[in-house]
Amino acid sequence: MRIAFLTALVPVAKPDTGFEIANAAILSALREAGHEVVAFGFVRPGEVPAEPDGAVVIDAVDIENAVASPARKLRWLGRALRDGIPVACAKLRLAGGGRLVAAVAAQGPFDVIVLNSVMLPGAFPELTRLGPCVLVEHNVEHVSARQNAANAASLPMRMLFAREARLLERIERRLWDEADFVWTLAEEDRAALGPERAGKSAVLPLVSGEPVRLPAEPVAPAFDIGMIGTWTWMPNYTGLDWFLRAVVPLLPADLSIAVAGRLPPDMPSPPARVSLLGRVPDARDFLLSCRVLALSSRAGTGVQLKTIEAMQLGAPAVATPLSCRGFTELPANFRLADTPEAFAAALVATVAEAKAGMLVRSDGTAFIARQRAALAAALEQGLAAAIARRRSARSA
């Protein structure tokens, strides 16, 4: 098939955020299945697509809140208020207005249009008319926005996130009906679509990056406890904040803790025993250098890429139940805990077992193979169903 993959961020050689890693995994699986895929979207200034011949870059522009200037954020907000759309959609409308839809139409026709998240079709509703459409719901966005409103520190931010939630829910429910098929990343999110859409939806099990190649010799641990993520995304930061405020004070002072990944510029200073590393050169090397991983999600929908990476590496982990959404089976070296006291106690016990050599990395090979096979099957199911449904609608 010839497929248009429409995404806010076109995958680059080194994907940074969980959203980008998921994009790369889906796009790679489509191409491995033999489909001709053209990715349309944006890149950050200075970046280039991982597959330049299979990409149409609409613009090189920063569309992330964490790096946007106050003036740009005000422009996004002004456009959102003017057009009655979420800020998340307004920034894309400003970046691609008059060009994105025209670029897709000029490269067409396509057998299937993959709408990678609701944000682009929320900004450009006409995209659903370009051909059979499959929507990728990375998260149930209005639920995440509602959680952000509940967790926001100020009244203006609570009001802004509440507005996002109301408008995103309207857009999502429209797209769930308009799309010929919907992919979610977790079964819990698929259930949120409602029973009436069960026949036109499936879950995409993901893998993170290339096949795991563990070093021949064990890596000497640099930290007892490690965490990695895009902490500028509020649902992720909610979990990090909970860990730093509620869990770390309960841990022994001699445990070393490292946090890697993008951090908010206005983040408060962490406890003295916590090292903030920022973006690390290689996420996998960092994860391998930690005795135990802490997966502390307290908000968000979709699936946690950090959890997938931990499973692929066979790493010991302590996780909240929300961190493991989307998984019915967990590795033997995962412990679940949902209160600060239980989470701290599980970390202490797991680190002690790791130091004593009682915990070993599990073999993630079988997990990766299962994920890849299920991902390929779900992709083919959605593509075929979308084409069949659109043909049936035309002949009716």
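Before any of the text, the structure's been laid out above.
Please read these numbers as outputs of a predicted model, since none were measured by experiment.

### Some thoughts on empty space enclosed by the protein
(1) Moving on: Tallied over the entire structure, the rule returns 2 cavities of 30 Å³ or more.
(2) Moving on: Volume-wise, the largest cavity comes out at about 50 Å³.
(3) Moving on: In terms of lining, the largest cavity is formed by M227, W231, N236, G239, A294, L295, S296, S297, Q304, K306, T307 and S323.
(4) Moving on: Breaking the lining of the largest cavity down by element, the ones donating at least two residues are α9 (234-247), β11 (290-295) and α11 (305-313).
(5) Moving on: Around the second largest cavity sit G226, M227, I228, L287, L293, A294, L295 and K306, which together line it.

### Points about the environment of A149
(1) Moving on: By the element assignment, A149 lies in helix α6 (residues 141-151).
(2) Moving on: Taking the C-alpha atoms as reference points, A149 and A162, separated by 13 residues in sequence, lie 5.5 Å from one another.
(3) Moving on: A149 has contacts with R158, F161 and A162, leaving out every residue within four places of it along the chain.

### Points about the sheet that holds strand β7 (residues 201-203)
(1) Moving on: With parallel pairing, the 7 strands of this open sheet are ordered in space as β3-β2-β1-β4-β5-β6-β7. What marks the edges here is a single partner per strand, and that holds for β3 (55-60) and β7. Within the sheet, the average angular offset between the axes of one strand and its neighbour, ignoring direction, is 15°.
(2) Moving on: Note that strand β5 (residues 133-137) and strand β6 (residues 181-184) share 4 bridges and pair parallel. Paired with E137 across the bridge in β6 is T184.

### Focus: the nonpolar core
(1) Moving on: Counting 56 residues, the largest nonpolar core has W183 and L206 as the members making the most contacts within it.
(2) Moving on: Residue contacts for W183: discarding those within four places in its chain leaves V114, V134, L135, V136, E137, A202, L204, A378, L379, G382 and L383.
(3) Moving on: Counting 45 residues, the second-largest nonpolar core is a separate cluster that includes A80, V104, F124 and W176.

What counts, and at which threshold
- Numbering of residues starts from 1 in every chain and runs along the sequence as written.
- Per-residue local features are limited, in this predicted model, to residues with pLDDT of at least 70; the limit for side-chain atom pairs, both in listing and counting, is 80 or more; totals at the level of whole chains, interfaces and linings are taken over all residues.
- Hydrogen atoms and water are omitted, and side-chain values are computed over all heavy atoms in the structure.
- A cavity here means a set of 1 Å grid points, computed over protein atoms only, where a 1.4 Å probe fits but cannot escape. A pocket is an open set with protein on both sides within 12 Å along at least 5 of 7 lines, and lining residues have an atom within 4 Å of a point.
- Grid points are joined across faces, edges and corners, and a volume is the space filled by probe spheres set on the points.
- A run of H or I in DSSP counts as a helix once it spans at least four residues, and a run of E counts as a strand once it spans at least two, with each numbered from the N terminus.
- Here a residue-residue contact requires only that any non-hydrogen atoms of the pair lie within 4.5 Å.
- Only strands joined by at least two bridges in the DSSP assignment are considered to pair.
- Think of each axis as a best-fit line through the C-alpha atoms, taken over the contacting stretch in the case of a helix, with angles from 0 to 180 degrees between the N-to-C directions.
- Definition used in this section: a nonpolar core is a set of buried Ala, Val, Leu, Ile, Met, Phe, Trp, Tyr and Cys residues joined via side-chain atoms within 4.5 Å.
- Per-residue accessibility, obtained with a 1.4 Å probe over protein chains only, is compared with the maximum for each type, and a residue is labelled buried under 20%, exposed over 50%, and partly exposed between these values.

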